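Structural description and commentary
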Amino acid sequence: MKFAILNGEMIKRSDAKVDVEDRGYQFGDGVYEVIRVYNGKMFTINEHLERFVKSAESICITLPYTKKKITTLLEELILKNNLQEGIVYMQVTRGVAPRNHSFPTDNVLPSLVAYTKEVTRPLASLKTGVKTMVTEDIRWLRCDIKSLNLLGNLLAKQKAAESGCFEAIQHRSQEVTEGSSSNIFIIKDGSITTHPSNHLILKGITKDVILQVCESNKIVVEEQTFTLEDLASADEAFLSSTTAEVMPIIEVDGKRVGDGLPGPVTKRLQELFEQEIERQCGALKDKILK
Ligand code: PDD
């Protein structure tokens, strides 16, 4: 039997139900996080909690628990569900109130839900790389908030799925922003470029880990906008996310990136990223590069 957390209580997963007037259900009025678990331990938990609080604050939701209390609850949930390798999904909504676009005026308690899912590392794709396609970024202008409103992202991801691609790379007026559920990096003549973390993209936790390991290893990364043309002429490209880690991109719109194989810089970053996972969560059974 699996368990979930609903408003601070550990309950049977099948008993975790939302009210039809939960504002998350009706309006997407809430924010969420996806946290990776390796060896039963949460990776970059503090960074995820900080982003969670920030996203919530941006839409005027005050979390009903402290970060410390949430960490304890999530650790208990992982233990109870005997999760070794997977994710924790957590979301908070503005709560349950009679349907009305403006926020409820009386003290409505935000609804917090968390559950776990077993997810293995995508080792095969991490070795071979993935195909991608390009699509216009039609989303709103606060993509820095990890909002439950994901329609723009879903439409983009569906286009990718229908084209047999792993990810849709979005652009605004030819400038690459991010993937439908990932950040995008390109490499040209050894130098790495990725979109700055502003209101047009989500400040990925994986992106930030990559920036940190680059800094400690004296690898230069520029947070600067780049165009579809830059992407097309890149030597290497990769995407990053909690579940996809450092994922090589070998094709964009049917055209090969570089020589169509994961490149040396991407492979080096995969190695450094795995080292960071092991530093935080202990030894990995399988590695990408063997
Ligand atoms: N998605 N950009 C978008 C739009 C995302 O949805 C995500 C993550 C990222 C990468 O962020 P991070 O490195 O913190 O995972 C960038 C998660 C995994 C999801 O929605 O499932």
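As the structure is a prediction and not an experimental result, all values here were calculated from the model. (Residues numbered from 1 in each chain as written. Predicted model: local features only at pLDDT ≥ 70, side-chain atom pairs only at ≥ 80, totals over all residues. Heavy atoms only, no water.)

1. Observations regarding helix H8 (residues 264-281)
Look at H8: 26 Å from first C-alpha to last across 18 residues, which is about the 26 Å you get at 1.5 Å a residue. Residues of H8 that are buried include every one of Val-265, Thr-266, Leu-269, Gln-270, Leu-272, Phe-273, Glu-274, Glu-276, Ile-277 and Cys-281, and no others. In the stretch just after H8, Gly-282 is the one whose phi turns positive, near 90 degrees. (Helix = DSSP H or I, 4+ residues; strand = E, 2+ residues; numbered from the N terminus. Expected span 1.5 Å × (residues − 1). Buried < 20%, exposed > 50% of the residue type's maximum accessible area, 1.4 Å probe, protein only.)

2. Brief notes about the sheet that holds strand S6 (residues 111-118)
One open sheet holds the six strands; their spatial order is S2-S1-S6-S5-S3-S4, and the pairing between them is antiparallel. Across the chains shown, the open sheet's two edge strands, defined by having one partner strand only, are strand S2 (9-12) and strand S4 (41-42). In this structure, strand S3 (residues 30-38) lies alongside strand S5 (residues 86-93), joined through eight bridges in antiparallel fashion. Directly across from Val-34, in S5, lies its bridge partner Tyr-89. (Pairing = 2+ DSSP bridges.)

3. Notes on the site of the ligand
Taken together, 19 residues sit near the ligand, with Tyr-32, Glu-178, Ile-205, Thr-206 and Thr-242 positioned nearest. Contacts to the ligand include Ile-205, whose backbone N or O atom sits 2.8 Å from an oxygen atom. Here the ligand has 470 Å² of accessible area as a free molecule, and 88% of this is covered by the chains. Every element with two or more residues in the shell around the ligand is listed here: S3, strand S9 (175-179), helix H6 (205-216) and strand S13 (236-241). Here the residues of the shell around the ligand are counted per class, giving four nonpolar, eleven polar and four charged. Taken domain by domain, the makeup of the shell around the ligand includes at least three residues from each of domain 1 (3-118) and domain 2 (123-281). (Near = heavy atom within 4 Å. Polar contact = N/O pair within 3.5 Å; in protein donor to acceptor, adjacent residues only side chain to side chain. Areas by Shrake-Rupley, 256 points an atom, 1.4 Å probe, with all protein chains shown as cover. Nonpolar A, V, L, I, M, F, W, Y, C, P; charged D, E, K, R; others polar. Domains from an automatic or database assignment.)

4. Examining the domain arrangement of the protein chain
We note that the domain assignment places domain 1 (3-118) and domain 2 (123-281) within the protein chain. Computed over C-alpha atoms only, the centres of domain 1 and domain 2 are separated by 26 Å. Contact with domain 1, which involves 26 residues of that partner, is made by 21 residues of domain 2. Carbon and sulfur atoms supply 62% of the area buried between domain 1 and domain 2, which totals about 1,900 Å² over both sides. Among the residues of domain 1 in contact with domain 2, Tyr-32, Phe-43 and Arg-51 are the three that bury the most area, contributing 34% of the side total. Remark: the boundary between domain 1 and domain 2 carries zero salt bridges. Secondary structure elements with two or more residues in the side of domain 1 that touches domain 2: helix H1 (23-27), S3, S4, helix H2 (45-58) and S5. At eight residues, S3 tops the list of elements feeding residues into the side of domain 1 that touches domain 2. (Contact = heavy atoms within 4.5 Å. Buried area = accessible area lost by both parts, 1.4 Å probe. Salt bridge = Lys/Arg side-chain N within 4 Å of Asp/Glu carboxyl O.)

5. Examining the pattern of salt bridges
When the charged atoms of two side chains with opposite charge come close together, those side chains can pair. Across all of its chains, the model carries 17 salt bridges by this definition. As a salt-bridge pair, Arg-121 and Glu-274 come within 2.9 Å of each other at their nearest N and O atoms. Residue Arg-121 is located in the loop between S6 and helix H4 (123-128), and its partner Glu-274 is located in helix H8; the two are separated by 153 residues in the primary sequence. Residue Glu-167 pairs with Lys-157 through a salt bridge whose shortest N-O separation is 2.9 Å.

6. Notes on unusual backbone geometry
Even without being glycine, Asn-82 reaches a positive phi, approximately 50 degrees. Of note, Asn-82 is situated in the loop between helix H3 (67-80) and S5. Positive phi is not limited to glycine here, since Asp-189 has a value of about 50 degrees. Structurally, Asp-189 is set in the loop between strand S10 (183-188) and strand S11 (191-194).

7. Let's talk about the nonpolar core
If you look at the biggest cluster of nonpolar residues, it comprises 25 residues, and the most contacted ones within it are Met-42, Phe-52, Ile-70, Leu-74 and Met-90. At the level of elements, strand S1 (3-6), S3, H2, H3, S5 and S6 are the ones that each hand at least two residues to this core. No other element matches H3, which puts five residues into this core. Aside from chain neighbours lying at most four places away, what touches Leu-74 is Ile-5, Ile-35, Met-42, Ile-45, Val-88, Met-90 and Ala-114. (Core = buried A, V, L, I, M, F, W, Y, C linked by side-chain atoms within 4.5 Å.)

8. Brief notes about H3
When the terminal C-alpha atoms of H3 are compared, their 20 Å separation across 14 residues agrees well with the 20 Å that a helix rising 1.5 Å per residue should span. If you check which residues of H3 are buried, you get Ile-70, Thr-71, Leu-73, Leu-74, Leu-77 and Ile-78. Down the axis, H3 shows its buried residues gathered within 165 degrees of arc, on one side only. Looking at H3, the residues exposed on the side facing more than 90 degrees away from the buried face are Lys-68 and Leu-79. One or two steps after H3, the chain reaches Asn-82, where phi turns positive at roughly 50 degrees. (Arc of directions from axis to C-beta.)

9. Observations regarding a nonpolar patch on the surface
A cluster of nonpolar residues, Val-18, Val-20 and Tyr-25, forms a patch on the protein surface that exposes about 340 Å² of accessible area. With respect to the helices, strands and loops of the structure, Val-20 is situated in the loop between S2 and H1. (Patch = residues over 30% accessible without salt bridge, like charges linked within 9 Å, V, L, I, M, F, W, Y side chains within 5 Å.)

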